[in-house]
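Residue-level structural notes
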Amino acid sequence: MDIAGWYKKNRSAVLAVAATLLFAVANSVLLLKDFYYLSLIPLAGLVLLLFVTRFETGLLCMALFTPFAIDMALMPKMELSMPVEPMMILFTLMFFFRVLASRSYDLRLLKHPVSLCLIGSMLWMLVTTCTSEMPFVSFKYWLARLWFVVPFFFAAAQIFRDKKRIRQFFWCYAIGLIAVILIATAKTVGNFSDLQTLHRVMRPFYNDHTAYGCVIALFLPAAFYFIVSRNSKGWWRLLSLAIMALLVVGLFFSYCRAAWLSVLGAIGVYVLVRMGMKVKWMVMLFGLFVGVFFVYQSDVLYKLGKNHQDSSYDLAGQIKSISNISTDASNLERLNRWASALRMWKERPVMGCGPGTYQFLYASYQRSYQLSTISTNAGNLGNAHSEYIGPLTEQGVPGVALVVALFMTTFATGVRVYRTARDRQVANMALAFTLSLLTYYIHGVFNNFLDTDKLSVPFWAFTAVIVALDVYSEKRRPDSEEPLLPPESTTC
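A quick note: this is a predicted structure, and the numbers were derived from the prediction, not measured.

Tallying secondary structure elements over the chain gives 21 helices and four strands in all. A burial count over the chain gives 47% of its 492 residues as buried. Considering only intrachain contacts with a sequence separation of at least 6, the fraction spanning at least 24 residues in the chain is 72%. Of the accessible surface of the chain, which amounts to about 24400 Å², a share of 69% is contributed by carbon and sulfur atoms.

Structure, rendered in structure tokens:
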């Protein structure tokens, strides 16, 4: 037998078996020696091998595992979402190495307005980390944001040049999310009369019902696109329809009022976009609505104060409780967090108190007359509960200005691609993912989850989809049917 010829023919299988045996032996030895954390080193080696040989597949694997990830304290004062955050760290390092070694990153992606807003936000976050009241906490927060953004925005934007990868990414996360929805729904059956239990059925995969409802709302518009897309045929369309139905069921049983409102808001904006309303008019309409609220805020708050409907497992009662600011503990606590955040911001309006520090500092800014039954001084029940007030408090006015600029630029880009893309499938995809992101922009008024992997992974990936479609799709001129091809690729 020609051993050399046989090995050459079956080299991949031999290497796979050898790597598996090496991994098993190494883990056994380390576990017997009570080196539990060191036993992860062989696994890290396999993950690194995956990123070296199958870079794009590595991104999809992280999307698949994220819904199942669980927070674990690897050492005192350090929690990571296992197994995805260590994978993100390795992926980020590998991405930087590949870019520096090959100098092949597309500069059009870096120069895109959305990318510039994101880079500006990250740089300002780093500046405010240096002036933070708790620098170590802020630096950890900034690092976590870095390994969320680099893989799922900067790396994904280039990977999504191939539109098949967009579909694959969506399905990888959606499959994991649907599995969680099935588990949570099964736990819901028989507990309809216990609202507190209903708020916890998604654990340990999602910390609470608000994050769970938020991610479901984020996926609904994109899921609807895959139902109506002409590229979805036969079994794929039926599968998309089944996924959509399960997402709707999950959204309903999440009992997350902010998620419900965000979906209704996205539907309303969809109608405005289809009517042809320009983005600037939408912004002015929103500004008018906010202005009217402040002009008549006394009357509005008086009427809201007369609502005593608390959160309920009953749909009608849950909807009525949205405007209850007199007895509903969740609403009262949110108002308490916002008031505390604004008091903190007034002390440091430009630089803020530092990224990620609000939850450790806000206790002394609370007022007894604003406390709810779930208020705490321990800082263990989350942050400022707003994607806008949080950055305002922690990073000052420039921080929240960059966040708003990022959101508005992404939304405007998505609408522009929808209206100028030559391929209608690309246009519809851009609109669907823009509306998906819009659900988070609306939900962000009431909660903020971009410091978690569960929401950061799809949020930054969907943002990358908008940028990739804008950079790599053919456009038509407003006054002509001729396609306006994208410029030649420029790489660094």
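There's more to say after this.
Our next topic: the environment of L93. Tracing the backbone through its elements, the reader meets L93 in helix α5 (residues 84-102). With a relative accessible area of 54%, L93 lands in the exposed category.

For the structure on display, the rule yields six salt bridges. For E133, the salt bridge goes to R348, with nearest N and O atoms at 3.3 Å. With E133 in the loop between α7 (113-130) and α8 (135-159) and R348 in the loop between α17 (329-347) and α18 (358-361), this residue pair connects regions lying 215 residues apart in the sequence. A relative accessible area of 43% means that E133 is categorised as partly exposed. According to the relative accessible area criterion, R348 is partly exposed, its value standing at 25%.

The next point concerns the side chain of S240. When you line up the elements, S240 lands in helix α12 (residues 235-254). The exposure class of S240 is buried, given its relative accessible area of 2%. When sequence neighbours within four positions are dropped, the list of residues in contact with S240 reads W171, F226 and I227.

What follows concerns the nonpolar core. Membership of the largest hydrophobic core comes to 122 residues, with the highest contact counts inside it found for F160, F169, F219, L247 and W460. Excluding residues that lie within four positions of it along the chain, W460 makes contacts with L118, R145, F148, V149, F152, F153, L406 and L450. Among the nonpolar cores identified, the runner-up in size contains ten residues, and W338, Y358, Y362 and Y365 belong to it.

The omega torsion of the bond from M82 to P83 falls at 5°, within 30 degrees of zero and hence cis. Tracing the backbone shows P83 in the loop between β2 (78-82) and α5. Cis geometry is found at the peptide bond from R203 to P204, where omega equals 10°. Structurally, the position occupied by P204 is in the loop between α10 (195-198) and α11 (209-228). One non-glycine residue, R103, adopts positive backbone phi at about 50°. Located in the positive-phi region is H385, a residue other than glycine, with phi close to 60°. Overall, the relative accessible area of 17% leaves H385 in the buried class.

Glancing now at α8. For α8, which comprises 25 residues, the first-to-last C-alpha distance of 34 Å matches the rise-based estimate of 36 Å (1.5 Å per residue) to within 8%. At V150, α8 shows its largest bend, some 40°, and a proline, P151, comes one to four positions later. The element α8 is largely enclosed, with a buried count of 18 among its 25 residues.

Contact geometry of α11 with helix α13 (residues 257-274) gives a least axis separation of 8 Å together with a crossing angle of 15°. The angle between α11 and α13 falls in the class roughly parallel. Relative to α13, α11 is oriented so that their crossing is right-handed. Residues G213, C214, A217 and L220 of α11 pack against A259, S262 and V263 of α13. Classifying every residue of the contact of α11 with α13 gives five nonpolar, two polar and no charged.

So, on to the state of the cysteines. Scanning the model with the defined rule gives zero disulfides in all. Counting only cysteine sulfurs, C172 is the nearest neighbor of C61, a cysteine outside any disulfide, at a range of 7.2 Å. Overall, C172 belongs to the buried group, its relative accessible area being 17%.

This part covers the environment of R274. For R274, the location among the structural elements is in helix α13. Through-space distance from the C-alpha of R274 to that of R419 is 9.8 Å; in sequence the pair is 145 residues apart.

This part covers the packing of aromatic side chains. Summed over the entire model, instances satisfying the criterion amount to 28 aromatic pairs. Relative to W142, the ring of F139 lies with its centre 6.2 Å away and its plane at 20°, an arrangement referred to as stacked. Taken as a pair, F139 and W142 lie in helix α8 at a separation of three residues, close to a single helical turn. On the accessibility criterion, W142 (14% relative accessible area) is buried. Measuring from centroid to centroid gives 4.7 Å for F170 and F226, while their planes differ by 40°, and the two rings are tilted. Of this pair, F170 sits in helix α9 (residues 163-188) while F226 sits in helix α11; the two residues are 56 residues apart in sequence, bridging distant segments of the chain. Look at F170 and you get buried, because its relative accessible area is 1%. Residue F226 is classed as buried on the basis of its relative accessible area, which comes to 0%. Directly above the ring of F55 sits R98, whose terminal nitrogen or CZ lies 4.1 Å from the centroid. Its end group placed over the ring of Y206, K454 keeps NZ or CZ at 5.0 Å from the ring centre.

Criteria and thresholds
- Residues numbered from 1 in each chain as written.
- Predicted model: local features only at pLDDT ≥ 70, side-chain atom pairs only at ≥ 80, totals over all residues.
- Heavy atoms only, no water.
- Helix = DSSP H or I, 4+ residues; strand = E, 2+ residues; numbered from the N terminus.
- Buried < 20%, exposed > 50% of the residue type's maximum accessible area, 1.4 Å probe, protein only.
- Contact = heavy atoms within 4.5 Å.
- Areas by Shrake-Rupley, 256 points an atom, 1.4 Å probe, with all protein chains shown as cover.
- Salt bridge = Lys/Arg side-chain N within 4 Å of Asp/Glu carboxyl O.
- Core = buried A, V, L, I, M, F, W, Y, C linked by side-chain atoms within 4.5 Å.
- Expected span 1.5 Å × (residues − 1).
- Bend = angle between axes of the 7 residues up to and from the residue.
- Axes fitted to C-alpha atoms, helices over the stretch in contact; angles between N-to-C directions.
- Parallel < 35°, antiparallel > 145°, perpendicular 65-115°, else oblique.
- Left-handed = near helix turned anticlockwise from the far one by under 90°.
- Nonpolar A, V, L, I, M, F, W, Y, C, P; charged D, E, K, R; others polar.
- Disulfide = S-S within 2.5 Å.
- Phe/Tyr/Trp six-rings, centres within 6.5 Å; stacked < 30°, edge-to-face > 60°.
- Lys NZ or Arg CZ within 6 Å of the ring centre and 35° of its normal.

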